[in-house]
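So you can see what is in the structure, the chains are spelled out below.
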Amino acid sequence: MWSSEVPAPMTSRALRPLSVAIIGSGPAGFYTAYRLMDRLPDAMVDMYEKLPVPFGLSRFGVAPDHPEVKNCQDKFDEVAASTRFRFIGNTMVGGASSFANGSGTPGFKPNVVPLQVVRGNYDAVVLAYGAESDKTLAAAATTTTPTGVMSARAFVGWYNGHPEFQHLEPDLTAGEHAVVVGHGNVALDVARVLLAGMVTLRHTDITDRALSVLATSTIRNVRVVGRRGPAQAAFTNKEVRELMTLPGVTYVPPPADVLAPLLDRFQDKTALSRSQKRLLQLLQKKQQEQQQHDDHRRPSFSLDFLLSPSQFIADADNHVQAVEFDRMHLDGDPVNKHTSARPTGQILQVPAAAVFVSVGYQTQPLAGIEHAYNSSGNRLFHDLGKVGSGLYAAGWIKRGPIGVIAETMYDAFETADTVNDNDRRGWDGVQATLGSALNWHVAERELGKSHMLAVL
Ligand code: FAD
Ligand code: NAP
């Protein structure tokens, strides 16, 4: 018996391609598109990107002397070549940004499309727009920031050609000493680019402008300063070893009285991961080698621990000349990675003609879905990537601004699979939702050229 109550089958999502909008064209956006298009051979993907060109931080973040990391872009090119994929560049989804309020490179303004307009026109929308601002540093917030102090994010964007940062013009000629605040991999990238030298950088895709500014740089000594100890550092061993062995650069270990108590008996600790043990072994070995750094014209790199910046000291021209740090004390086991630090009351001034603040990235909540972010506003609440009806998240906006490209890929795959499993699937979805609650039997028949469903 045919029922007049049967939903019109031709409007069922099961019978037409899934239309997906992805907001952001970094690794998270592209790996989500790849997985969706691979698993759903009829899915149509539109990717919205505020910049004129794709690939996010794999293009504008990854250091120019690490070209192998950018190989992921070959896969992204394959995705982009599909007739089921469309790249909509120069188009920002959501609220204001530095472009919209005019602080970006003059003359460059993307179109702005409200999120609800996008949501109203697709079966699924995947937010993959990363983290586009800086975590704030109390020292920077309490003083008028002198010139010569800059965000590492801006500096990285500048040397990689990001349109938002081409006005930066960093002054690297005010002295020999630079301080990088933070113990993450971005801090190490910045230190390496400052110290790498022209022979290395000339063979990379760093911008010509950055190359010419770095060629005149007078920076010789770069101190990368963290507020906790080595067991709590966020950088990885490969990156720190690379800096310690940079040709022509001396690694200067921290003073023995600072490091020794932090490394004491770490070998006995079973709670440490293998990579933490390796880092501590490396620091101990380098400490024992105890390199002399008598020739101060030779470039040097050092790691400082247990120093938290309290203020920037400026000269009469308001250019930074030193950073004042609180000496910190670990509040518990020195080799537990979660141990926090507190000020000892002692102060240390470190000379600095340039300061790079590298304390992490921060996301900007999109207008209309502010309630969907955690209290620090740097990631979305989600269930396996699902944020709400027809709304998903992938990459840094989903996990918070940490993780390398491989982690971002797995994370994007999880979200794509959730879109695939969860999204509005028309009649298939109705059956899946109600399951055995209703006593029905469905037959699918070929009738002329269209598919008709009969509830029997
Ligand atoms: P992103 O790569 O930031 O992509 C987000 C995209 O969204 C950007 O293109 C942005 O322009 C766009 N966008 C933002 N807002 C909007 C909007 N409102 N509308 C439309 N588009 C928007 N990982 C490694 O494995 N190896 C490395 O060597 C390495 N180096 C790194 C160096 C730096 C400086 C940084 C910060 C990270 C590095 N990473 C590295 C980590 C890696 O870059 C991230 O894991 C990855 O890029 C996160 O991908 P994502 O797509 O979530 O964000
Ligand atoms: P990160 O890894 O989160 O490191 C941030 C650092 O800043 C930490 O040492 C943190 O110390 C410190 N910090 C935070 N707030 C501070 C404050 N108020 N005062 C002083 N220090 C503060 O961030 P990131 O370096 O920006 O890197 C982001 C992600 O990209 C990471 O996952 C990183 O691995 C990845 N990345 C990878 C590569 C690579 O693979 N080569 C290169 C670049 C970036 P606390 O721990 O004490 O908070």
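Everything below is about the structure printed above this text.
Residues numbered from 1 in each chain as written. Chains lettered and ligands numbered in written order. Predicted model: local features only at pLDDT ≥ 70, side-chain atom pairs only at ≥ 80, totals over all residues. Heavy atoms only, no water.

Colleague: Hey, could you run me through the overall build of the protein in this one?
Modeller: The secondary structure content of the protein amounts to 15 helices and 21 strands. Counting only residues that meet the buried cut, the protein has 50% of its 456 residues in that class. Once local pairs closer than 6 in sequence are excluded, the contacts in the protein between residues at least 24 apart make up 71%. In the form shown here, the protein has an accessible surface area of approximately 21,700 Å², with 52% of it arising from carbon and sulfur atoms. (Helix = DSSP H or I, 4+ residues; strand = E, 2+ residues; numbered from the N terminus. Buried < 20%, exposed > 50% of the residue type's maximum accessible area, 1.4 Å probe, protein only. Contact = heavy atoms within 4.5 Å. Areas by Shrake-Rupley, 256 points an atom, 1.4 Å probe, with all protein chains shown as cover.)

Colleague: Please clarify how the packing of helix 6 (residues 152–159) against helix 7 (residues 185–195) should be interpreted in this entry.
Modeller: In helix packing, the relevant descriptors are the interaxial angle and the interaxial distance, both defined with respect to the helix axes. Here helix 6 crosses helix 7 at 50°, and the two axes come no closer than 10 Å. Relative to helix 7, the element helix 6 is oriented oblique. Of the two elements, helix 6 crosses helix 7, and the hand of that crossing is left-handed. Residues Ala-152, Phe-155, Val-156 and Tyr-159 of helix 6 lie in contact with helix 7, whose contacting residues are Val-186, Asp-189, Val-190, Val-193 and Leu-194. (Axes fitted to C-alpha atoms, helices over the stretch in contact; angles between N-to-C directions. Parallel < 35°, antiparallel > 145°, perpendicular 65-115°, else oblique. Left-handed = near helix turned anticlockwise from the far one by under 90°.)

Colleague: Which parts of the structure should I look at to understand the site of ligand 1?
Modeller: Inspection of the region around ligand 1 gives 32 residues, with Glu-49, Leu-57, Val-93, Trp-396 and Gly-403 positioned closest. One nitrogen or oxygen atom from the main chain of Lys-50 is found 3.2 Å from a nitrogen atom belonging to ligand 1. In this structure, Val-93 approaches ligand 1 through a main-chain N or O atom, which is 2.7 Å from a nitrogen atom. In the complex, the protein chains occlude 92% of the 1,000 Å² of accessible area that ligand 1 would expose alone. Of all elements in the fold, only helix 1 (27–39), helix 2 (56–60), strand 4 (91–93), helix 7 and helix 14 (405–422) reach the threshold of two or more residues within the shell around ligand 1. At 3 residues, strand 4 tops the list of elements feeding residues into the shell around ligand 1. Among the residues making up the shell around ligand 1, the classes are represented as 18 nonpolar, 10 polar and 4 charged. (Near = heavy atom within 4 Å. Polar contact = N/O pair within 3.5 Å; in protein donor to acceptor, adjacent residues only side chain to side chain. Nonpolar A, V, L, I, M, F, W, Y, C, P; charged D, E, K, R; others polar.)

Colleague: Would you take a moment to explain unusual backbone geometry for this structure?
Modeller: One non-glycine residue, Asn-90, lies in the positive phi region at around 60°. With respect to the element layout, Asn-90 can be found in the loop between strand 3 (85–88) and strand 4. Positive phi is not limited to glycine here, since Leu-306 has a value of about 60°. Tracing the backbone shows Leu-306 in the loop between strand 12 (300–304) and strand 13 (307–314).

Colleague: Just checking my understanding: could you explain the sheet that holds strand 14 (residues 320–330) for this structure?
Modeller: Strand pairing within a sheet occurs via backbone hydrogen bonds; the two strands may be parallel or antiparallel. With antiparallel pairing, the 3 strands of this open sheet are ordered in space as 13-14-15. Both outer strands of the open sheet, strand 13 and strand 15 (341–351), are each paired with one neighbouring strand and no more. Shown here is a sheet whose adjacent strand axes are inclined to one another by a mean of 25°, direction ignored. The pairing of strand 13 with strand 14 spans 7 bridges and is classified as antiparallel. Each bridged residue has a counterpart across the sheet, and for Phe-312 the counterpart in strand 14 is Val-323. (Pairing = 2+ DSSP bridges.)

Colleague: Help me understand the nonpolar core, please; the structure alone is not making it clear to me.
Modeller: When a protein is soluble and globular, its nonpolar side chains tend to lie buried together. Judged by nonpolar contacts, the single largest core of 59 residues is most densely connected at Leu-194, Val-222, Val-224, Leu-283, Phe-301, Leu-303 and Phe-356. In terms of residue count, helix 7 provides more of this core than any other element does, 7 residues in total. Leaving out residues up to four positions away in the same chain, Val-222 has contacts with Ala-178, Val-180, Ala-191, Leu-194, Leu-195, Ser-300, Phe-301 and Ser-302. Counting residues in each nonpolar core, the second largest holds 28 residues, with Phe-30, Leu-36, Val-126 and Val-419 among its members. (Core = buried A, V, L, I, M, F, W, Y, C linked by side-chain atoms within 4.5 Å.)

Colleague: Can you walk me through the pairing of strand 2 (residues 44–48) in this structure?
Modeller: Residues in a regular strand point their side chains to alternate faces of the sheet. Taking burial as the measure, the 5 residues of strand 2 include 4 buried ones, the bulk of the element. Both strand 1 (residues 19–23) and strand 2 contribute to a ladder of 5 bridges, which runs parallel. Within the sheet, the bridge partner assigned to Val-20 lies in strand 2 and is Val-45. Handedness of the β-α-β unit built from strand 1, helix 1 and strand 2 comes out right-handed. Across 4 bridges, strand 2 lies against strand 3 in parallel orientation. Note on strand 3: the bridge partner recorded for Val-45 is Phe-85. (Right-handed = clockwise from strand over helix to strand, strands pointing away.)

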